[in-house]
Amino acid sequence: MGSSGCGLFSGDDPWNADVSGAPVDAANTAVINTLVGAVNIHPDFGAGFGIPINVVPASQPAVPVVFDQYPDESDPGPYPFPGVSVARVEGTADPTSCSGDCHLLAVQQGSCQLYEGYACQYDSDGWHCGNGAHWDLTKKSIGQRPVGWTSADAAGLSIYAGLARYEEVMAGEITHALRYTLPCSANSTVTPATHAAGHCSLAGKSGPPMGTRVRLKASFDISGFAPIPQIFLKAFKKYGLILADNGGSSSTFFFQSEDSPNWPDTINDLKNVPVSAFEAVQP
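Conventions adopted
Residues numbered from 1 in each chain as written. Predicted model: local features only at pLDDT ≥ 70, side-chain atom pairs only at ≥ 80, totals over all residues. Heavy atoms only, no water. Helix = DSSP H or I, 4+ residues; strand = E, 2+ residues; numbered from the N terminus. Rg over C-alpha atoms; globule rule 2.2 N^0.38 Å. Buried < 20%, exposed > 50% of the residue type's maximum accessible area, 1.4 Å probe, protein only. Contact = heavy atoms within 4.5 Å. Areas by Shrake-Rupley, 256 points an atom, 1.4 Å probe, with all protein chains shown as cover. Lys, Arg positive; Asp, Glu negative; His and termini not counted. Charge placed at Lys NZ, Arg CZ, Asp CG, Glu CD. Pairing = 2+ DSSP bridges. Axes fitted to C-alpha atoms, helices over the stretch in contact; angles between N-to-C directions. Expected span 1.5 Å × (residues − 1).

**Some details on the overall build of the protein**
Part 1: Helix and strand counts for the protein stand at 3 helices and 13 strands.
Part 2: Over its C-alpha trace the protein gives a radius of gyration of 18 Å, about what one expects of a compact globule, namely 19 Å for 283 residues.
Part 3: Here the C-alpha coordinates of the protein stretch approximately 50 × 40 × 35 Å along the principal axes.
Part 4: Expressed as a percentage of the 283 residues in the protein, the buried residues total 54%.
Part 5: Within the protein, residue pairs in contact and separated by at least 24 positions form 70% of the contacts whose partners lie at least 6 positions apart.
Part 6: About 11,300 Å² of surface is accessible on the protein, with carbon and sulfur atoms providing 51% of the total.
Part 7: Side chains of the protein give 14 positive and 27 negative charges; the mean places of these two sets differ by 10 Å.

And the structure:
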């Protein structure tokens, strides 16, 4: 739906931090490797998959949103969500009927305000979401919402911030961290996360705190990868990935990007990168 023309929070925001020289967190590195075992990372996106981004004009009217699950931890509406005939909701072509996470993200041009909802669908009385979060992309994300509140993400973070967008990859560089999910997380957080899930879908397993950041080891050789995967791998080394949610019912390490029909098949080359090639870094 076009470019928002917006930056990604302030320059000193954690999402934009270069962590290539940050100290290693050996304890959480071990926790992650024990949790998932000898598996490779999984790009949870591609042609027809991923989390869609709705870019709406400055003139987009704000509409009421009913929050059905966590109204007391939601930023109140109205939100400038697009009309049902053009809105793109994660996991469905029909916004009036959705099961699953059903994230709805809207970035408003001009003001650079970001609105995110979880479990969203359009009913007879308008938009309903499980909860919602409003972010100002011109400011630092830390402190914008109360500590302890969930968001459209279990870690209390912005989903949009952690997605690789097709246009930035085609421009040749990802300049921020990406979001990733594990099947287990501890009932605790580290910066920048502000909400803990304490959930595990694997019996007898434990996971790291929400917000745990990992980076691809500097020693990992990326020279044999195609140009597009290399853009991701360079970002993994410099900015890393931030644990944002729980996902998957097995030993998996998923990372997410924008839903675009144009992602090349070479994205699948990233499935050859082992989780053991990553290390957690201290927040």
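**A short note on the sheet that holds strand β6 (residues 121–123)**
Part 1: Sheet architecture is open: 3 strands sit in the order β3-β7-β6, paired in mixed fashion. Strand pairing shows two members of the sheet lacking a second neighbour, β3 (65–67) and β6, which therefore form its edges. Strand-to-strand, the axes of this sheet are offset by a mean angle of 35 degrees, without reference to chain direction.
Part 2: Of the pairings in the sheet, the one linking β6 to strand β7 (residues 126–129) comprises 3 bridges and is antiparallel in character. By the bridge assignment for β7, Tyr122 is matched with Trp127.

**Some words on the sheet that holds strand β4 (residues 104–108)**
Part 1: In spatial order, the strands read β2-β4-β5-β8; together these 4 strands make up an open sheet with mixed pairing. Of all strands in the sheet, those bounded by a partner on one side alone are β2 (54–56) and β8 (131–136). Neighbouring strand axes in the sheet, compared pairwise and without regard to direction, differ in orientation by 20 degrees on average.
Part 2: Note that strand β5 (residues 113–118) and β8 share 6 bridges and pair antiparallel. Each residue of the ladder has a partner; that of Leu114, found in β8, is Trp135.

**Re helix α3 (residues 227–238)**
Part 1: With 12 residues, α3 ought to run about 16 Å at 1.5 Å a step, and its terminal C-alpha atoms sit 17 Å apart, in line with that.
Part 2: Of all 12 residues making up α3, 9 are buried, and the element is well covered by its neighbours.
Part 3: If you check which residues of α3 are buried, you get Ile228, Pro229, Gln230, Ile231, Phe232, Leu233, Ala235, Phe236 and Lys237.
Part 4: Next to the buried residues of α3 lie α2 (166–171), β9 (178–182), β10 (213–216), β11 (241–246), β12 (254–255) and β13 (278–281).

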